Amino acid sequence: MGNALDVLLLGRARFHELGMRGRVILSQIPLNLTMLLVCLVAAVAGPEELGDPRFVAGQGMALALFAACVALPWAKLPYGLFLVIPFLDFVPIGFVASSASDTLSGLGLLGVFPVMWIAGSGFRPRIFVPLAGAAALLTIWAPVLLSGAATPHSLVARVVGPFILLAIGVGTSVMTLSAMAQQARVQELLERTETREQLLDTVLETADVGILVLDGEGKGMLANERHAEVYSAATPAEGAPLDAEPGMLAYREGPDGTVRWEERGLERVLSGTHVESELYRLGKGPGARVVSISARSFHNHAGRLGGTVVATSDVTDVVSAVRARDRFLSTMSHEFRTPLGNILGYAEMVLEDSGLSDSSRSDLEVIVRNANHVNQMVEDILAASVTGEDASAIRLPVDLAELVRAASDSSRAEASRKGISLTATASAVLPVLADRTGLVRVLDNLVSNALKYSASGTAVRLTALREGPWAVCRVEDAGIGIAADEMEHVFTRFGRSSAALDSEVPGTGLGLALAKEVVEQHGGTIECTSRVGVGSTFTVRLPLRSEGPGSNPPRRPAAEHGQHA
Ligand code: ADP
C-alpha cells in the first residue's frame, strides 16, 4: 500500500513502470478507499444506511472487484480487457448511490473514478469515453427506472451529474492522448539520439584522425582514442589531456622543418580562430610527431561560441618522406649542375671555332640544345625542392608586357625550328611589382609548354593586356590539350596529363606547379581552359602596380580551371 501511495503521489512516471496487474490495482484503489470512507461516514452520520441491503451489496461488490483486480492474471489477458473493471464499478456505485439518504447525497459522483480510469487509459477513447458517460447516466437512472416512478422530469433532473462526469472523461481523455503523443515523440527522439550517439561513437573510433570537441569555455567534451594517441607525444606527463593544458609541447612547424615560432596552437583554436591544415610539431626529440591540425568553431543559437572541433592527423611519415624527396632532388640537381655547366661551356667554346665542319657544328648544336634542356629540368627540380618558400620576397617594379615580348623573342628560334608560328601582342606597359626572375621563369615555362605540346604548322599566340585592376597574360596554343579531369592534376608537382605521357614529350611535371606557386605568391592567379585535341589557353593574372599610396590590391578572381564548352 505504501508503494501504491508512493506511486499515486509521485505521478505517472512510476505508474508506467508498473506491470499490468499493479496498474489495474492502482487504478481501482481510489474507488475502494472512497467506498471505505463512505462506510465510515455512514457509520457516523447515517447508520441506518449500513443496514440497507443495496449499500451492503454495493460495498461487497466493490470489494469483490478489488479482489478480481488482484487475482486475475492481467498480463496474460488481452490488453483492453481491464476496462471491464471500471465499467463493472458502476454497478456497486449505483447500489451505494441508490441507498444513500440525504446525509450521503451525491454518491453518484463516485462514478468519477471509473470514468477517469477509462478516459485516462487512452484505450479506444472514442468508444469507451461516451460509454462511460452512458454508464454513469444509467447508474443514476436505473434506481428511478426500476422503482417504476420515473417521469421525464425526474430523469432530466438527474442528467447534470452524469454530464459532469462525461465532461471530466472527455477532458481527461484529451490530456491523456496529448501526453501519450508527447511521450511517443520523446521516445522517438530518444531512440534517434541514441542511434546518433552510437553512430558518433563509431565514427570517432573508426576515424584515423584525432578528434577533440571543446565546449565554449575550452573544456574538453569529447575525444576519440586516436586523439589521445596523437597528443601523447605533446604531454610531458603521462596521459593525454582532453583540453589544452599549459605546458603542452606544441610548436608551429616551418615549411622546411625548422621550428619557426613557439605557439600554443590550441589556444588560438580556443579563441575561435579558424585553422586549416596547419602543421605543428608535438613533443621534443626523436619521439616528436608532426601533425596537421584543422579546427572549426560553432556558435550556439544565442550567437555565442558554442564549441570547437579540432581534427588532428599524424603526418609525420608523409612529411619526412616529402622532405627526404626534396633533399634528394636538391642534392641530385646540385650534383648535376657542375658537369652540365662544363658540358655546355666546352660545347659552346668548340662551336666558336671557325674551322668546324658543318656536320660537326650541327652535331654540337644538338648537344648544346639537349644539354640546355637537361639544364632547364635541373633548374626546375632545384626550384621545386625549396618547399613552400617564398623565394621572391623582394619585389621590384616590372613591366609584364616587356617580359611577354622577351619571352616570345627568346622562344622564336625554337618555334621556327618546330614549324610553329609564334606571335605576341602586348599593351604598352603593364606595371607589376614582382620578382623578375620568377616571372620570367613562369612565362618561359608557359611558352615552352605551348611549343612542346603543339604540332608543326599550328600557331601559338601570346597576349598581354590590362583587365580592370589586373595585368593579364595569355598563352594560347592549338596543341594536344588537357582533359578536364586532369586539369587540377597538372598544376601539382610531378603531375602530367595522359596526353603528354602518350605523346612521349619529355617533361618533369614541375613547371606548372612552380608557376602556380610563384603567381600566387604575387597575389595573382593562373588558370587554364583546354580541350583535348583542340588546344589550351593559360591565363596569368597579376595585380597591376597600385597607382598611389593606400590603394588596395585587387581581390583574386575565382579560378576557372575547365574546358571551353
Ligand atoms: P612538363 O615538364 O611535363 O611539361 P609542366 O608542369 O610544365 O611539366 O606541365 C605539366 C603538364 O601539363 C604537362 O606534362 C602536360 O601534360 C600539361 N601541359 C602543360 N602545358 C600544356 C599545353 N600547353 N598543352 C597541353 N598540355 C600541357
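Above this note sits the structure.
Rules and cut-offs
Residues numbered from 1 in each chain as written. Predicted model: local features only at pLDDT ≥ 70, side-chain atom pairs only at ≥ 80, totals over all residues. Heavy atoms only, no water. Near = heavy atom within 4 Å. Polar contact = N/O pair within 3.5 Å; in protein donor to acceptor, adjacent residues only side chain to side chain. Areas by Shrake-Rupley, 256 points an atom, 1.4 Å probe, with all protein chains shown as cover. Helix = DSSP H or I, 4+ residues; strand = E, 2+ residues; numbered from the N terminus. Buried < 20%, exposed > 50% of the residue type's maximum accessible area, 1.4 Å probe, protein only. Pairing = 2+ DSSP bridges. Axes fitted to C-alpha atoms, helices over the stretch in contact; angles between N-to-C directions. Contact = heavy atoms within 4.5 Å. 1 Å grid on protein atoms, 1.4 Å probe; cavity = no way out; pocket = protein on both sides within 12 Å on 5 of 7 lines; lining within 4 Å. Points joined across faces, edges and corners; volume = space filled by probe spheres on them. Nonpolar A, V, L, I, M, F, W, Y, C, P; charged D, E, K, R; others polar. Domains from an automatic or database assignment.

1. Regarding the site of the ligand
Move 1: As a matter of local geometry, the ligand sits amid 22 residues, with Asn449, Tyr453, Arg496, Ser497 and Leu512 nearest to it.
Move 2: One nitrogen or oxygen atom from the side chain of Lys452 is found 3.0 Å from an oxygen atom belonging to the ligand.
Move 3: Leu512 is positioned with one of its backbone polar atoms (N or O) 2.7 Å from an oxygen atom of the ligand.
Move 4: In the complex, the protein chains occlude 98% of the 530 Å² of accessible area that the ligand would expose alone.

2. A short note on unusual backbone geometry
For residues that are not glycine, phi is negative in most cases, and the peptide bond is trans in most cases.
Move 1: Phi at Arg124 is positive, roughly 40 degrees, even though this residue is not glycine.
Move 2: Its location among the elements puts Arg124 in the loop between α6 (112-121) and α7 (125-147).
Move 3: With phi around 65 degrees, Phe494 is a residue other than glycine that occupies positive phi space.
Move 4: Relative to the helices and strands, Phe494 is located in the loop between α16 (487-490) and α17 (498-503).
Move 5: Note on Phe494: relative accessible area 35%, which makes it partly exposed.

3. What about the sheet that holds strand β11 (residues 459-467)?
Move 1: Judged by pairing direction, the sheet is mixed, and its 5 strands sit side by side in the order β9-β11-β12-β14-β13 without closing on themselves. The sheet is open, and its two edges are formed by β9 (421-426) and β13 (525-531), each paired on a single side. Looking at each pair of strands side by side, their axes are set apart by 10 degrees on average, direction ignored.
Move 2: Pairing between β11 and strand β12 (residues 470-477): 8 bridges, direction antiparallel. Note on β12: the bridge partner recorded for Glu467 is Trp470.
Move 3: Its contacts with the sheet put helix α14 (residues 400-418) on β9, β11, β12 and β14 (535-543), and the angle it makes with β9 is roughly 170 degrees.
Move 4: Here helix α15 (residues 436-452) sits on the sheet in contact with β9, β11, β12, β13 and β14, set at roughly 25 degrees to β12.

4. Notes on the layout of surface pockets
Move 1: In this structure, the largest pocket spans a volume of roughly 1,400 Å³.
Move 2: Of all elements in the fold, only α13 (358-384), α14, α15, α18 (511-521) and β14 reach the threshold of two or more residues within the lining of the largest pocket.
Move 3: Looking at the lining of the largest pocket element by element, the count peaks at 12 residues for α15.
Move 4: For the lining of the largest pocket, the residue count by class is 20 nonpolar, 19 polar and 11 charged.
Move 5: Structurally, the lining of the largest pocket is a two-domain feature, drawing no fewer than three residues from each of domain 3 (317-385) and domain 4 (394-565).

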